[in-house]
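Okay, here's what each chain looks like letter by letter:
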Amino acid sequence: MSGDVTSERSGRRSEGRVEPAAERGRSGARPGDMTWTPEGHVDAEPARTDSDGGADKRPPALSLGEFLRWAWRQFTSMRVALILLFLLAVAAIPGSVIPQSDVDPLAVRDFRARNPGLSEWYDRFSLFDVYSAPWFAAIYLALLVSLVGCILPRSWQHFTAMRAKPPRTPSRLSRMPAYRSFTVDAPSGEVQAAAYAELRGRRFRVADPRDDGSVAAEAGFLRETGNLVFHLSLVVVLLAVALGGLFGYRGTVLVPEGSGFSNSIVQYDNFSSGSLFEATDLPPFSLQVDRFVMEFIDAGSQIGQADNYEATVSFVPEPGAEARTETIRVNEPLNVDGTLIHILNPGYAPAFTIRNADREILAEGPVPFLPQDDNFTSTGVVKVPVADDEGPDLGIEGVFLPTADVGQNGPVSIFPEPRNPQVFLTAFYGDLGLNSGVAQSIYRLDKDGLEQFEDSDGEPFRAALAAGDTVELPDGSGFITFDGYVSWVNLQISRNSGKEIALAGALLAVAGLAASLYVRRRRLWVRAGTDDEGRTVVEVAGLHRSEGGNLDDEVGAVAEGVHRRLSKDQLDEET
Amino acid sequence: MDLISIAEWSRFVVGCALFIYLGVWLAFISEMGLRLRLKRATASATTGATPDLVAVGTGASAVAAESSGDARSGAAEGGEQDAPDGPEAAGDSADLRGYLAEQADVRYRMGRTLLLVATAVLAVGVAMRGIGTERVPWGNMHEFSITAALVASVAFIFVGRTAAGRAVASWGILLVFVTLGLAVTYLYVPPGPLPPALESYWLVIHVGCAVLAFGLFTVAAVVNILQILAERAERRGATGGFVGLLPTSSVLDRLGYRLAAAGFPIWTIGPLILGAVWAEVSWGRFWGWDPKEVWALITWLVYAAYLHARATAGWKGSKASTVALIGYGTAIFSYFGVNIFFEGLHAYGGL
């Protein structure tokens with residue numbers, strides 16, 4: 001019983017196979033032994049190697065060292081690998097069902113608000129951060145250790161196997177699964193030479209011709225090599241991703257058309273980074289979004305769907321350097337020495353001018369509104385702080401409609417492109433709460449200290465403005481002008497360290513995987529014997545050591561090849 | 001005819017293919033039924049005949065045995081010789097058997113021809129969709145489904161050339177039928193341009209690989225189901241019914257393994273590695289635990305478990321096949337389920 005036979009395919013020692021050398025010693029078998037066992041039969045009776053004799057005899061108690069060895073062997077066994085693979089697959093599921101804070105923090109916030117009790121339990125099991133949870137890490141680290149613990153000894157075994165000579169020729173070749181024989185007149189020495197040449201020509205590893213008139217050869221070591229490369233490359237990929245994550249960073253910032261951004265942490269709306277990232281790592285560029293174009297399909301069944309987003313930016317690589325114009329599109333980020341600048345979601349920023357009763361400008365400029373639907377119905381607020389001695393703060397709450405249409409349910413936007421831009425707004429006065437020290441959303445009014453303006457009928461004040469329109473607030477409190485709009489775009493700036501190594505590892509893994517799946521490991525023997533009539537009987541036999549394909553063809557081809565070489569030799573002699 | 005109407009007519013062509021596939025399946029099933037009757041007739045005729053007397057079968061049955069290539073059709077040959085004890089009675093049933101074998105053969109040839117026709121029609125439909133939209137025909141779930149069905153169909157043609165593959169193709173066609181049925185109704189999306197995020201050559205290879213691997217996994221799943229049925233029948237010693245016509249479970253086991261072994265590296269390259277590359281280009285991170293990414297990884301893990309299971313004692317055969325079927329279940333889920341149940345970055349399905 002040879003352990004090697006069983007475990008070719010998948011890079012794992014099969015369960016129940018105990019310490020190859022020891023087992024071989026006990027059963028007296030070694031690779032290439034004549035008693036051929038089909039793959040998988042070896043480990044069908046795992047108990048046998050342990051019970052040294054009668055089944056009723058209790059095995060001696062294990063010492064601590066033996067126990068640890070036993071435990072390690074179990075841990076690096078195929079069965080445990082199987083269990084861990086399944087466990088990892090199952091453990092990954094909750095992360096796709098429950099919102100994850102590093103994927104969609106808003107969804108997590110909503111979920112917490114809706115299910116406070118459940119969220120508490122989720123938090124206990126890190127279910128909002130499954131993929132950085134300790135239990136998830138425990139599973140994949142266990143898998144990694146099990147994998148390495150299996151692969152390293154196997155690499156050593158494989159290394160020695162590659163250096164070892166092909167095994168001696170079985171006595172009865174005709175019992176091999178693939179077998180051919182033919183008779184020739186050539187002496188056995190010539191047959192051996194021809195077989196040697198033929199097998200070498202087929203890139204077999206061939207042992208020197210033996211005394212028994214046979215030639216033994218082996219091929220397909222690439223299978224195990226590929227298998228080992230595959231598993232080791234996976235380790236490389238995981239390490240590259242894990243270590244790269246420590247140095248990487250990602251941030252987003254909303255930039256209205258015509259505005260700029262310079263790359264420092266304080267400028268970001270959101271920023272996250274690995275623990276070894278340092279703020280000085282940020283490349284010192286700055287940029288201005290000169291133009292941001294949104295195009296939409298305006299006919300057919302997919303009307304309103306985005307067709308193209310394109311940002312034209314003036315990019316300054318470092319302070320004092322000359323600006324150059326760059327274009328960023330979806331799928332075409334701007335690459336700054338490995339730091340990528342992407343455009344994410346876009347929107348509109350209606351521009352307002354707000355004046356007080358004396359027509360002095362209190363605030364002006366575009367204010368980003370957040371799109372609420374596919375047609376870019378956008379909501380937002382304008383906060384106008386006013387000095388205490390000059391009057392109350394003003395707050396404006398509005399809806400921006402790129403293509404406004406007043407339907408039965410009130411005004412809606414019917415197309416994402418601004419064809420009939422309108423703003424519907426209402427206004428508040430009082431204290432915006434900006435000085436309270438509590439951070440506020442820039443898209444929402446804190447209405448605790450605010451009163452809504454009312455018109456002369458006592459109804460809440462409302463106004464609908466087209467571009468250029470001005471409305472006067474009730475009681476002459478001021479004027480709001482809707483000047484127009486610009487578009488805005490969320491820029492994402494990120495660096496993913498280690499990605500090149502991870503990619504190289506992944507490609508290497510695939511190459512190894514292909515070799516381990518498609519290369520067949522096999523042994524071939526050719527033997528020249530003598531029959532009753534004194535002629536030379538050439539026997540060719542093959543044995544698969546890994547699953548797949550039919551060895552008959554190859555054995556047949558080798559037999560023909562040897563035959564051809566022999567008859568050619570004969571012809572050469574005759575001429 | 002302008003491009004859009006070519007793409008719109010594609011739905012009609014695919015619908016035609018759908019019905020031809022139904023014909024294919026009916027032809028194969030009726031062939032199977034005939035073979036079953038043939039087997040029963042043979043079994044009743046051979047009781048009492050000594051195997052030593054087995055002669056070369058005559059005419060139709062020899063053709064049947066050859067074309068069916070079924071491991072068990074040797075029995076049909078056995079039944080063809082005249083039983084020594086009752087030449088006349090045997091003659092009658094020999095006629096019947098000859099007729100059955102001939103009919104089964106006709107159905108088989110019919111099914112096979114129809115399969116080629118259906119695949120050709122489907123290929124035309126897929127091509128029309130691609131030409132009409134001026135891009136690869138896998139930009140949404142409708143297109144993905146018809147293209148994956150085409151891949152599976154071509155795979156069934158190849159697999160069906162071997163004896164073991166015949167049974168596989170017969171039942172697998174049903175899956176193609178269901179997939180196409182879903183594609184032209186529930187999943188149908190009128191032709192149109194892609195959202196900006198998909199306008200990339202990465203779509204061609206990333207999704208292309210996914211289609212290919214998915215098609216292969218589909219064929220493998222049919223094999224796995226049949227493998228489990230065949231192994232159960234073998235364990236019980238049952239030879240009757242349609243399981244009696246199946247290839248041996250070990251043959252199916254190997255076939256299933258080969259298909260999965262072909263699909264697994266493609267799944268590794270396309271959905272996972274190239275997906276990560278594209279994600280970096282498109283979203284600025286190569287792995288972000290988007291639901292689609294998670295489920296593609298889960299599928300990968302389960303198929304990896306399958307490949308390991310086949311090398312583990314006590315896990316061969318039907319247990320390994322079960323693992324592969326779970327893997328296929330997760331593949332289906334990463335295709336349909338993720339688009340239906342979860343929100344994520346891969347929301348291009350058109351549902």
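For clarity, every value in this text was computed on a predicted model and none was experimentally measured. (Residues numbered from 1 in each chain as written. Chains lettered and ligands numbered in written order. Predicted model: local features only at pLDDT ≥ 70, side-chain atom pairs only at ≥ 80, totals over all residues. Heavy atoms only, no water.)

## Focus on the overall build of chain B
Right, so step 1: Within chain B, the regular secondary structure consists of 10 helices and zero strands.
Right, so step 2: Counting from the amino terminus, helix and strand elements in chain B follow one another as α-α-α-α-α-α-α-α-α-α.
Right, so step 3: Looking at chain B as a whole, 60% of its 351 residues are labelled buried.
Right, so step 4: Partitioning the contacts of chain B with sequence separation of at least 6, the portion at a separation of at least 24 is 81%.
Right, so step 5: Accessible surface, chain B as shown: approximately 13,800 Å² in total, 68% of it carbon and sulfur. (Helix = DSSP H or I, 4+ residues; strand = E, 2+ residues; numbered from the N terminus. Buried < 20%, exposed > 50% of the residue type's maximum accessible area, 1.4 Å probe, protein only. Contact = heavy atoms within 4.5 Å. Areas by Shrake-Rupley, 256 points an atom, 1.4 Å probe, with all protein chains shown as cover.)

## As for the overall build of chain A
Right, so step 1: Secondary structure summary: chain A contains 11 helices and 24 strands in total.
Right, so step 2: Accessible surface for chain A amounts to roughly 28,800 Å². Of this, 53% is attributable to carbon and sulfur atoms.

## Points about the interface of chain A and chain B
Right, so step 1: Counting from both sides, the interface comprises 55 residues of chain A and, opposite them, 52 residues of chain B.
Right, so step 2: Between chain A and chain B, the buried area comes to about 4,400 Å², and carbon and sulfur atoms account for 66% of it.
Right, so step 3: Counting the contacts that link chain A with chain B gives one salt bridge.
Right, so step 4: For glutamate 280 of chain B, the salt bridge identified is with lysine 499 of chain A, shortest N-O distance 2.9 Å.
Right, so step 5: Across the chain A-chain B interface, the total number found is 12 residue pairs in polar contact (both at pLDDT 80 or more).
Right, so step 6: Of all the secondary-structure elements, those providing two or more residues to the side of chain A that touches chain B are α4 (78-97), α9 (221-247), β8 (306-316), β11 (339-356), β22 (478-495) and α10 (499-518) of chain A.
Right, so step 7: No other element matches α4 of chain A, which puts 10 residues into the side of chain A that touches chain B. (Buried area = accessible area lost by both parts, 1.4 Å probe. Salt bridge = Lys/Arg side-chain N within 4 Å of Asp/Glu carboxyl O. Polar contact = N/O pair within 3.5 Å; in protein donor to acceptor, adjacent residues only side chain to side chain.)

## Let's talk about the packing of helix α9 (residues 291-309) of chain B against helix α10 (residues 318-341) of chain B
Residues and elements named next belong to chain B.
Right, so step 1: Contact geometry for α9 and α10: axes closest at 8 Å, N-to-C directions at 170°. Overall, the two elements α9 and α10 adopt an arrangement that is roughly antiparallel.
Right, so step 2: Of the residues contributing to the contact of α9 with α10, the split by class is 18 nonpolar, six polar and one charged. (Axes fitted to C-alpha atoms, helices over the stretch in contact; angles between N-to-C directions. Parallel < 35°, antiparallel > 145°, perpendicular 65-115°, else oblique. Nonpolar A, V, L, I, M, F, W, Y, C, P; charged D, E, K, R; others polar.)

## A word on the sheet that holds strand β2 (residues 205-206) of chain A
All names here are of chain A.
Right, so step 1: Here five strands make up an open sheet; going across it, the order is β1-β24-β23-β3-β2 and the pairing antiparallel. Every interior strand has two partners, whereas the edge strands, β1 (178-184) and β2, have only one.
Right, so step 2: Two elements, β2 and strand β3 (residues 214-219), share two bridges in a ladder whose sense is antiparallel. Looking at the pairing, valine 206 lines up with alanine 217 of β3. (Pairing = 2+ DSSP bridges.)

## Details of the UniProt feature "transmembrane region" (unreviewed entry) in chain B
Right, so step 1: According to UniProt, the "transmembrane region" (unreviewed entry) feature falls on residues 12-30, 113-132, 144-164, 171-189, 201-226, 259-279, 294-311 and 323-342 of chain B.
Right, so step 2: Secondary structure content for residues 294-311 of chain B is 89% helix and 0% strand, while the C-alpha to C-alpha distance between its ends is 26 Å. (UniProt positions renumbered as here; feature names shortened; annotations may be inferred.)

## Re the pairing of strand β20 (residues 463-466) of chain A
Residue and element names in this part refer to chain A.
Right, so step 1: Here β20 shows a buried face lined by Ala463 and Leu465 and an unburied face lined by Ala464 and Ala466.
Right, so step 2: Pairing of strand β18 (residues 422-430) with β20, which is carried by four bridges, proceeds in the antiparallel orientation. Residue pairing for β20: phenylalanine 424 is matched across the bridge by alanine 464.

## Focus: the sheet that holds β8 of chain A
As a general point, the strands of a sheet are linked pairwise by backbone hydrogen bonds and lie either parallel or antiparallel.
All names here are of chain A.
Right, so step 1: Read across the open sheet, the four strands follow the order β5-β7-β8-β9; overall the sheet is antiparallel. Edge positions in the sheet fall to β5 (260-262) and β9 (324-329), since each of these pairs with one other strand and no more. Each adjacent strand pair in this sheet contributes to an overall mean axis angle of 30°, direction not counted.
Right, so step 2: Of the strand pairs in this sheet, β8 and β9 are connected by six bridges, and their pairing is antiparallel. For alanine 311, the partnering residue across the bridge sits in β9 and is isoleucine 328.

## As for the nonpolar core
Right, so step 1: Core analysis: the biggest nonpolar cluster contains 117 residues, and Phe136 of chain A together with Tyr21, Leu122, Phe156, Val168, Leu180 and Tyr306 of chain B have the highest contact counts within it.
Right, so step 2: Of all the elements, helix α7 (residues 201-236) of chain B adds the most residues to this core, at 18 residues.
Right, so step 3: Leave out the neighbours within four places in its chain, and phenylalanine 156 of chain B touches Val168, Ala169, Gly172, Ile173, Val176, Val219 and Val222 of chain B.
Right, so step 4: Listed in part, the 52 residues of the second largest apolar core include Leu282, Ala306, Ile343 and Phe461 of chain A. (Core = buried A, V, L, I, M, F, W, Y, C linked by side-chain atoms within 4.5 Å.)

## Observations concerning a nonpolar patch on the surface
Residues and elements named next belong to chain A.
Right, so step 1: A contiguous nonpolar surface patch, about 530 Å² in accessible area, is contributed by Leu62, Leu64, Phe67, Leu68 and Trp70.
Right, so step 2: Within the secondary structure, leucine 64 is located in helix α3 (residues 64-75).
Right, so step 3: For leucine 64, a relative accessible area of 63% corresponds to the exposed category. (Patch = residues over 30% accessible without salt bridge, like charges linked within 9 Å, V, L, I, M, F, W, Y side chains within 5 Å.)

## Side note on the packing of helix α5 (residues 141-159) of chain B against helix α6 (residues 163-184) of chain B
Residue and element names in this part refer to chain B.
Right, so step 1: At a minimum axis distance of 9 Å, the contact between α5 and α6 shows a crossing angle of 165°. Put simply, α5 runs roughly antiparallel to α6. The handedness of the crossing between α5 and α6 comes out as left-handed. Counting all contacts with α5, which are made through His142, Ser145, Ile146, Ala149, Ala152, Ser153, Phe156 and Val159, the residues of α6 involved are Gly165, Arg166, Val168, Ala169, Gly172, Ile173, Val176, Thr179, Leu180, Ala183 and Val184. (Left-handed = near helix turned anticlockwise from the far one by under 90°.)

## Observations regarding unusual backbone geometry
Right, so step 1: If you check the backbone angles, phenylalanine 376 of chain A has positive phi at about 60° while not being a glycine.
Right, so step 2: In this fold, phenylalanine 376 of chain A is placed in the loop between β13 (370-371) and β14 (378-384).
Right, so step 3: With relative accessibility at 7%, the residue phenylalanine 376 of chain A sits in the buried group.
Right, so step 4: Positioned with a positive phi, tryptophan 289 of chain B is a non-glycine residue whose angle comes to about 55°.

## Quick notes on the environment of isoleucine 173 of chain B
Right, so step 1: Considering the arrangement of structural elements, one finds isoleucine 173 of chain B in helix α6.
Right, so step 2: Along the chain, isoleucine 173 of chain B and methionine 141 of chain B lie 32 residues apart, while their C-alpha atoms are 20 Å from each other.

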